[in-house]
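Residue strings, one per chain:
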Amino acid sequence: MENVLTLDKETSQEMYNNVTVEKFNNIQTPFYYYDIDVLKNTLETAIKASSKYNYHIHYAIKANANDRILDIIKDYGFGADCVSGNEVSKALEHGFAPETIAFAGVGKSDLEINTAINGNIKAFHVESVAELEVINELAAAKNKVVNVAFRLNPNVDAKTHAYITTGLSENKFGINPWELESLVEKLPEFKNLKLIGLHFHIGSQILDMSVYKELAEKANNFLDWFEANDIKLPYMNFGGGLGVDYDNPENKTPDFEAFFKVINENFNRRDNQEVHFELGRSLVATCGDMISKVLYIKKGLEKNFAIVDAGMTDLLRPALYKSKHAISNISSIEEEVKYDVVGPVCESSDVFATEFTMPKTRRGNLISFHTAGAYGQVMGSNYNLRDLATEYYSDEI
Ligand SMILES: *Cc1c(COP(=O)(O)O)cnc(C)c1O
């Protein structure tokens, strides 16, 4: 694993200008620290960029399901995008309006489908014929007609990490184009379903906007095909996937402007058609850091290891996707030395960075892993019977 995310000392220190590292010293590590101002600013920027085109944004709850964060996002008027029945319940509990909740996922159980039917959500994003049959049956049992959108696999390469690519024909996600004809023929049999539109979600951490241009063009073709078959679709959902700047954690604002603009310029929106998005990472990644403490410095033959008290059970992304978070030692401004920054978990993949340059590091120093607000705390586990990291918010400490 190569690593290039070296922050200079000044940047590291400046990022915590408003918070005394003293305060962090008194908190049990590891923990997540969420900057509420950064979150609100990000949400406002996203709303400003999307409202130009009257686009709807759902927050993809799986990125971070913290109660406080959900409440703030709900208060800004976002809808919710859920990938499990429990996420649907959580969205409802937090007051997200049912007509703004979408439910996606390649393996929805009967229990989960019933939860969503009972919740009167906006739409099921359906990924197979078999699933359509089950939803139809369960809706019939409740004498209801439910909205569905087809999640189509547009075969667009998201040009991101293979594990977070979802829109290629070899991925497990979505309905493939060659299945559409027989599906549409079967539609009239599904008396308890109403097809309202199409859904796409092609991957995550996408920074190349040409990918969305290609997606918009494919969406145009799909709509043409449906209209040629006399089917009008009032709902389009382009999913999420907008990336953030992990290399420069002081850059807190993803490029929402460019994202919505490329869709607006390339998607041929029909009259009265609603256009929806489901953003996860880009809304919450930059507001969160994970703070840990150095337990030991260990000298290998040719390496220095900084063993920290956070591991893959607290921040899984590096072990799962080989992803990199910028790291800084926020307690030290000594001369710089190279370290492998590793966790305590009994797995060789429990490594955050190799050959990483940071100020000379000692036991007890605080280490911040930046841009950890999305797919961080929410992927925490008790493996090795470790405690789960807790969270603190900038306006509470
Ligand atoms: C995960 C997911 C999202 C959010 O993706 P981000 O990359 O975090 O924006 C949106 N839609 C669906 C269906 C998802 O599974």
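Given the structure is predicted, the values throughout are model-derived calculations rather than measurements. (Residues numbered from 1 in each chain as written. Predicted model: local features only at pLDDT ≥ 70, side-chain atom pairs only at ≥ 80, totals over all residues. Heavy atoms only, no water.)

### Description of the overall build of the chain
Looking only at helices and strands, the chain has 12 helices and 16 strands in total. For the chain, whose C-alpha radius of gyration is 22 Å, the value lies close to the compact-globule estimate of 21 Å for 397 residues. In terms of overall dimensions, the chain has C-alpha extents of about 70 × 40 × 40 Å along its principal axes. Relative to its full complement of 397 residues, the chain shows a buried share of 55%. The long-range share in the chain, meaning contacts at least 24 apart out of those at least 6 apart in sequence, stands at 74%. Accessible surface computed for the chain: about 17,200 Å², of which carbon and sulfur atoms make up 47%. Here the chain carries 39 positive and 57 negative side-chain charges, and the mean point of each set is 1 Å from the other. (Helix = DSSP H or I, 4+ residues; strand = E, 2+ residues; numbered from the N terminus. Rg over C-alpha atoms; globule rule 2.2 N^0.38 Å. Buried < 20%, exposed > 50% of the residue type's maximum accessible area, 1.4 Å probe, protein only. Contact = heavy atoms within 4.5 Å. Areas by Shrake-Rupley, 256 points an atom, 1.4 Å probe, with all protein chains shown as cover. Lys, Arg positive; Asp, Glu negative; His and termini not counted. Charge placed at Lys NZ, Arg CZ, Asp CG, Glu CD.)

### Let's talk about the sheet that holds strand 5 (residues 123-126)
The strand order 2-3-4-5-6-7-8-9 describes a closed barrel built from 8 strands, whose pairing is parallel. Averaged over all pairs of adjacent strands, the angle between strand axes in this sheet comes to 30°, irrespective of strand direction. Taken together, the 4 bridges between strand 2 (residues 56-60) and strand 9 (residues 274-279) define a ladder with parallel strand orientation. Paired with H56 across the strands is H276, a residue of strand 9. On top of the sheet, helix 5 (residues 85-93) reaches strand 3 (79-82) and strand 4 (101-103); it is set at about 165° to strand 3, its chief contact. Strands strand 6 (146-151), strand 7 (193-199) and strand 8 (235-237) of the sheet are contacted by helix 9 (residues 210-228), whose axis makes an angle of about 150° with strand 7. (Pairing = 2+ DSSP bridges. Axes fitted to C-alpha atoms, helices over the stretch in contact; angles between N-to-C directions.)

### With respect to helix 5
Of the positions making up helix 5, those classed as buried are G85, E87, V88 and A91. Projected down its long axis, helix 5 shows its buried positions confined to an angular sector of 160°, all on one face. More than 90 degrees from the buried face of helix 5, the exposed residues found are N86 and E93. Looking at the buried positions of helix 5, the neighbouring elements they touch are strand 3, strand 4 and helix 6 (110-118). One or two residues past the end of helix 5 sits G95, with phi positive at roughly 85°. (Arc of directions from axis to C-beta.)

### Some thoughts on the side chain of N64
Mapped onto the secondary structure, N64 falls in the loop between strand 2 and helix 4 (67-75). A polar atom in the side chain of N64 sits 3.2 Å from the side chain of Y34. (Polar contact = N/O pair within 3.5 Å; in protein donor to acceptor, adjacent residues only side chain to side chain.)

### Topic: the nonpolar core
Membership of the largest hydrophobic core comes to 103 residues, with the highest contact counts inside it found for F124, F150, L198, F238, F260 and V341. Looking at which element gives the most residues to this core, the answer is helix 9, with 8 residues. Here this core spans two domains, and each of domain 1 (9-33 + 286-393) and domain 2 (36-285) adds at least three residues to it. Apart from residues lying up to four places away in sequence, V341 is in contact with A306, V308, I327, V351, F352, A353, F356, M358 and F369. Grouped together as the second largest cluster of nonpolar side chains are 8 residues, Y16, F24, Y33 and I330 included. (Core = buried A, V, L, I, M, F, W, Y, C linked by side-chain atoms within 4.5 Å. Domains from an automatic or database assignment.)

### Side note on the environment of L132
With respect to the element layout, L132 can be found in helix 7 (residues 129-141). Sequence separation between L132 and L187 is 55 residues; the distance between their C-alpha atoms is 9.1 Å. In this structure, L132 is in contact with V126, V148, F150, L183, F190 and L193, ignoring residues within four places of it in sequence.

### Some remarks on the packing of aromatic side chains
A full pass over the atoms with the stated rule returns 20 aromatic pairs. A centroid spacing of 5.2 Å and a plane angle of 35° characterise the contact between Y53 and Y55, whose relative ring orientation is tilted. In terms of burial, Y53 and Y55 fall into one category: buried. Judged by centre distance (5.0 Å) and plane angle (85°), the rings of W225 and F226 are edge-to-face. Lying over the aromatic face of Y393, R68 brings its terminal NZ or CZ to 5.2 Å of the ring centre. Sitting over the face of the ring of F103, K108 holds its NZ or CZ atom 5.5 Å from the ring centroid. (Phe/Tyr/Trp six-rings, centres within 6.5 Å; stacked < 30°, edge-to-face > 60°. Lys NZ or Arg CZ within 6 Å of the ring centre and 35° of its normal.)

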